[in-house]
Amino acid sequence: MTTFLLNFLYKLAIDKRTQEPRKVLFFLLYYGIGSFVTFIVFTMVLLCLEVYDFPFARNLIYRQLGEPVLLALESVLF
């Protein structure tokens with residue numbers, strides 16, 4: 001099963017004719033992983049603000065981003 005999965009991923013990522021990586025796949029991986037890391041860092045900042053009880057920072061973020069965005073983030077996290 002493992003060799004099948006590795007062969008499948010290799011065929012998906014490498015162009016058979018040119019033996020080069022497919023640019024679209026790596027482009028999507030690059031920005032997908034980058035956006036996920038950005039989401040995690042932003043979430044950690046929000047959690048740190050909650051832990052250290054900085055209401056002014058939370059109120060500023062509420063005014064800048066809007067309440068629906070933060071409520072959606074909190075519902076995804078918790």
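How each quantity is defined
Residues numbered from 1 in each chain as written. Predicted model: local features only at pLDDT ≥ 70, side-chain atom pairs only at ≥ 80, totals over all residues. Heavy atoms only, no water. Phe/Tyr/Trp six-rings, centres within 6.5 Å; stacked < 30°, edge-to-face > 60°. Buried < 20%, exposed > 50% of the residue type's maximum accessible area, 1.4 Å probe, protein only. pLDDT = per-residue confidence, 0-100. Helix = DSSP H or I, 4+ residues; strand = E, 2+ residues; numbered from the N terminus. Salt bridge = Lys/Arg side-chain N within 4 Å of Asp/Glu carboxyl O.

Caption draft 1: Quick peek at the packing of aromatic side chains. Under the counting rule described, the total for this entry stands at 2 aromatic pairs. Aromatic side chains Tyr30 and Tyr31 sit 5.0 Å apart centroid to centroid with 90° between the ring planes, which places their arrangement in the edge-to-face category. Assessed through its relative accessible area of 49%, Tyr31 is described here as partly exposed. Chaining the aromatic ring pairs together yields one cluster made of Phe27, Tyr30 and Tyr31.

Caption draft 2: Representation of the confidence of the model for the protein chain. Residue-level pLDDT values for the protein chain average 79, and 86% of them are 70 or greater. Across the protein chain, element-level confidence peaks in helix α1 (residues 2-13) with a mean pLDDT of 86 and bottoms out in helix α3 (residues 55-65) with 69.

Caption draft 3: Focus on the pattern of salt bridges. Applying the stated criterion across every chain yields a total of 2 salt bridges. Here Asp15 ties to Arg22 by a salt bridge, and the two come within 3.9 Å at their closest N and O atoms. The structure contains a network of salt bridges with shared partners spanning Asp15, Arg17 and Arg22.

Caption draft 4: Inspection of unusual backbone geometry at higher detail. For Gln19, which is not a glycine, the phi torsion comes out positive at approximately 60°. Its place among the elements puts Gln19 in the loop between α1 and α2 (23-51).

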